[in-house]
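Each chain, written out:
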Amino acid sequence: MSVADWTSYKLRKRLGKITFFAVLSLAALIWLVPIIWMFSLSLTPNEILKTITTSLVPIKPTLANYIGVFQAGLTPRWFLNSIIVTVVTTVGTLVLCAMAGYAFARLEFKGKTVLFPFVLAGLMVPKEAMFIPLFLVFAQFELHNTYAALILPRVAAPLGVFIMTQFLKAIPRDIEEAAELDGASRWTIFWKIMLPMSLPALTALGIFTFILTWNDYLWPLVSATEKEMFTITTGLASLQGNFAQATELGSLMARGVLASAPLLLLFLIFQRQLIRGIAVGSGGK
Amino acid sequence: MSDQTLAAQAPLQISRWRCWWDRNRDTVDAYLFLAPFLVVYSVFVIYPVIQAVYMSLYKWDLLAMDMREFIGLKNYFRMVWGSGITWDLKHLLVWRLVGLATIPLSWWAALRGSMRRANARWLSIAAMVLFAGILGIHPGESGGRWYDAVFWSSFGNTVQFVLLSTPLIVVVGLAMALALNGSGRSLGLYRTAFFASYVFSVSVLTLIWGYLLQPQRGILAAFLANFGVDPIPWLTDPKLAMPAIVITTLWWTVGFNMVLFLAGLQDIDPTLYEAAEIDGAGRFMQFRHITLPGLQRTTLMVVVLQIIASFQIFGQVYIMTRGGPGGSTRVLIQHIYESGFRDFRLGYASAMSLFLFAIMFVVSFFQFRLSPQEE
């Protein structure tokens, strides 16, 4: 290969790389347009939006739409509902799944060979399809329009138990054994040793649960029928049906931004854990 | 009884109890650890399935729940049957022929060794029953009709959504993963960008896309106007509404598949590529003979997860179109929801829920059968 050939090869390779990244950047930009647009509309005064709605940069930017959200309407209440339901569901899922996972991973007991498949069978139950009987269960206890109804059906996650079991099984036993010799109880071992060591799995499972619960739509729609008990997800959906969309577009988009703010923040902070959580969670199936 | 014997018995009892405790300590502990999960799980995950089976056998009115009436399998009968039902060869002929192509395809795969013969046999039997048999059933020309035509149309729309969205979302997810696989900061940023849309809730998604697709004020129409394209009424045209929903869903969920494929790519042994390079294999050859076979497991999993998720589609459609225009986007879950809470037919809605459950069961069953079983 001559020197000229070599430089032209390098040049071509370089050009290829530049083209690749140019195409990629363009694609990413187009991909993000809907998000940018939502932010832009939420920062534009409603009067301007009556005539122009297609700008990707806010014209005469203002925070009035956001302030308006907190002055009237139920959006803050829905936001609070979502926070309560999501946080309790996430913590509950983590505790229940970690405890069950510990039992399956570390203890030998009668009935294990039956119980573990029994839990895995839950993976086959499509949650979205079972809302009718679930509705009846809560109707019998008159628990609709309560936080309990929004939280309880989501807490027992068979996938969570599976993930925790797999993860805890892989932790070496020697630390536990040392603690056991020191006379530590089961609970202490679980709480002080196993839980801290399974932090990576807990983070991934926790973020995943948080996102799924925050975004849950069908069950809150069925169970929480009083406006005060809507979550931000069902509340925002209810506004899209009857809100004066043409005149209040900016306010509506501001609500959209607020509804996604916690998840966007969480995603930007814990992106790596979330991605690994997806890979682990689904890869195990 | 003398004091001596009492004194001798007490330690004996303690030690017997101790014995039992030592033998069963793990079991007791295990059940204490499992109890909270098992209680919640049994009541809110398993029991509803049993309850659904029970309810589906009743005429069960939401407003008069105490007046329920046992009707056996009539709900199922009403769901899948009609009056004047006939079978003939020509009904849905094209679709059935396409479906029957599964049989030669699976045997071809079996001969090439990429599918086990037993599985090819299973697939062929299933395809024969479904496409040659069941799909020929339909209401006759002279006054025949389904008892619940909306069930079939919403099931048809759901299947249409599954067939449109699954290949698209899987292939685009794979393409993204291939383009963005590798280390380096900039690639990571692009991955973040494409994955970001996954974290939005369905109502934020519909808020953005419902507006984005609007012919008068949406940004897509404004963009297309630059190229002289007239505004397209995406969500109000019966032919375009479902494709528009598919595109919306693609934007929303493809990042998830991309992540799964990226994880799958990480598992492929990099020395294979080095060896191929030394042997002078080009990019395409490497993709064809290393990447694709290496991703077989991941692909199967992604396809199955995608099919299962697509069958459960509801939110996007319900908020954006309410099943319209003209019922062209009404999906099965919407029909279940409305049968239960608008028409108050809880028993009938349960029967349809179990139908959906059964479909997902079959899909998962095929995943289980088809997965390469090593170890």
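From a predicted model like this one, the values you see are computed outputs, not experimental measurements.

Along chain B, the regular secondary structure elements total 16 helices and six strands. Each principal axis of the C-alpha atoms in chain B carries an extent, and together these give about 110 × 75 × 50 Å. Per-residue burial over chain B gives 47% buried out of 375 residues. Here the contacts in chain B between residues at least 6 apart in sequence split such that 69% fall between residues at least 24 apart. Entry remark: accessible area of chain B is about 19600 Å², with carbon and sulfur atoms responsible for 66%. In chain B, which carries 27 positive and 21 negative side-chain charges, the distance between the mean positions of the two groups comes to 6 Å.

Attention shifts here to helix 16 (residues 346–370) of chain B. Because the α-helix completes a turn every 3.6 residues, residues three or four places apart line up on one side. Between the first and last C-alpha of helix 16 of chain B there are 36 Å, a value that for 25 residues agrees with the 36 Å anticipated at 1.5 Å per step. The element helix 16 of chain B is extensively covered by neighbouring structure, given that 18 of its 25 residues are classed as buried.

All names here are of chain A. At a minimum axis separation of 5 Å, helix 10 (residues 186–197) and helix 11 (residues 199–214) run at an interaxial angle of 70°. When the axis of helix 10 is compared with that of helix 11, the two are roughly perpendicular. For the pair helix 10 and helix 11, the contacting residues are Leu195, Pro196 and Met197 in the first and Leu199, Pro200 and Leu202 in the second. Residues belonging to the contact of helix 10 with helix 11 are distributed by class as follows: six nonpolar, no polar and no charged.

Opposite the 94 residues of chain A that make contact, chain B presents 86 residues. Counting the contacts that link chain A with chain B gives two salt bridges. With its nearest N and O atoms 2.9 Å apart, the salt bridge here joins A:Arg186 to B:Asp29. At the junction of chain A with chain B, the criterion picks out 22 residue pairs in polar contact (both at pLDDT 80 or more). The biggest single contributor to the side of chain A that touches chain B is helix 14 (residues 249–283) of chain A, with 17 residues. Per-class residue counts for the side of chain A that touches chain B are 72 nonpolar, 15 polar and seven charged.

What follows deals with the side chain of B:Asp148. Structurally, B:Asp148 is set in the loop between strand 6 (145–146) and helix 6 (149–180). Here the side chain of B:Asp148 touches B:His335 through a polar contact of 2.9 Å, side chain to side chain.

This part takes up the domain arrangement of chain B. Split into domains, chain B comes out as domain 1 (3–55), domain 2 (82–146) and domain 3 (148–370). A straight line from the C-alpha centre of domain 1 of chain B to that of domain 2 of chain B covers 52 Å.

The next thing to look at is the confidence of the model for chain A. Mean pLDDT over chain A: 87, with 94% of residues reaching 70 or higher. When the elements of chain A are averaged for pLDDT, helix 2 (residues 46–49) of chain A gives the smallest value, 82, and helix 4 (residues 75–106) of chain A the largest, 94.

Glancing now at a nonpolar patch on the surface. Residue and element names in this part refer to chain B. Together, Ile125, Met128, Val129, Leu130 and Ile134 make up an exposed nonpolar region whose accessible area comes to about 440 Å². Looking at where Ile134 falls in the secondary structure, it is placed in the loop between helix 5 (117–133) and strand 5 (137–139). Judged by its relative accessible area of 45%, Ile134 is partly exposed.

What follows concerns the nonpolar core. Soluble globular proteins tend to bury their nonpolar side chains together. Formed by 184 residues in total, the largest nonpolar core has its most connected members in A:Phe131, A:Ile278, B:Phe37 and B:Tyr337. No fewer than three residues from each of domain 1 (3–55) and domain 3 (148–370) of chain B sit in this core. Setting aside anything within four residues of it in sequence, one finds A:Phe131 in contact with A:Leu218, A:Trp219, A:Val222, B:Ile333, B:Ile336, B:Tyr337 and B:Phe341. Ranked by size, the runner-up nonpolar core spans six residues in total, among them B:Ala109, B:Ala120, B:Leu123 and B:Phe366.

What follows concerns the confidence of the model for chain B. Looking at chain B as a whole, its pLDDT mean stands at 86, while 95% of the residues score no less than 70. Both scores are available for the predicted complex, with the pTM at 0.88 and the ipTM at 0.88.

Criteria and cut-off values
All residue numbers refer to positions counted from 1 along the written sequence of the respective chain. Lettering of chains starts at A and numbering of ligands starts at 1, both following the order in which they are written. Under the rules for a predicted model, residues below a pLDDT of 70 receive no local features and side-chain atom pairs below 80 are neither given nor counted, while totals for whole chains, interfaces and linings still include all residues. Hydrogens and waters are ignored; side-chain quantities use all the structure's heavy atoms. Under the DSSP-based scheme used, a helix requires at least four consecutive residues in state H or I and a strand at least two consecutive residues in state E, with every element numbered from the N terminus. Burial classes follow relative accessibility: with a 1.4 Å probe on protein chains only, a residue under 20% of its type's maximum area counts as buried, one over 50% as exposed, and anything between as partly exposed. Whether two residues are in contact is decided by their heavy atoms, any of which lying within 4.5 Å being enough. All accessibility values rest on the Shrake-Rupley procedure with a 1.4 Å probe; residue burial counts only the protein chains present in the view. Charged residues are defined here as Lys and Arg on the positive side and Asp and Glu on the negative side; His and the ends of the chain fall outside this count. Charge positions are represented by NZ for Lys, CZ for Arg, CG for Asp and CD for Glu. The span you would expect from a helix comes to 1.5 Å times its residue count less one. Throughout, an axis means a line fitted to C-alpha atoms (over the contacting stretch in the case of helices), and angles, computed between N-to-C directions, take values from 0 to 180 degrees. These descriptions rest on fixed angle ranges, namely under 35 degrees for roughly parallel, over 145 for roughly antiparallel, 65 to 115 for roughly perpendicular, and the rest for oblique. Each residue is assigned to one of three groups, with Ala, Val, Leu, Ile, Met, Phe, Trp, Tyr, Cys and Pro labelled nonpolar, Asp, Glu, Lys and Arg labelled charged, and all others, Gly among them, labelled polar. By definition here, a salt bridge exists when the distance from a side-chain nitrogen of Lys or Arg to a carboxyl oxygen of Asp or Glu is within 4 Å. Any pair of N or O atoms that falls within 3.5 Å is considered a polar contact. Within protein, one atom must be able to donate a hydrogen and the other to accept it, and sequence-neighbouring residues count only if both atoms are side-chain atoms. Those domain boundaries reflect an automatic or database domain assignment. Known as pLDDT, the predictor's confidence for each residue is given on a scale from 0 to 100. Patch members must show over 30% relative accessible area and no salt bridge, and they are joined within 9 Å when carrying like charges or within 5 Å when they are nonpolar side chains of Val, Leu, Ile, Met, Phe, Trp or Tyr. Residues belong to one nonpolar core when they are buried, are Ala, Val, Leu, Ile, Met, Phe, Trp, Tyr or Cys, and are joined through side-chain atoms within 4.5 Å.

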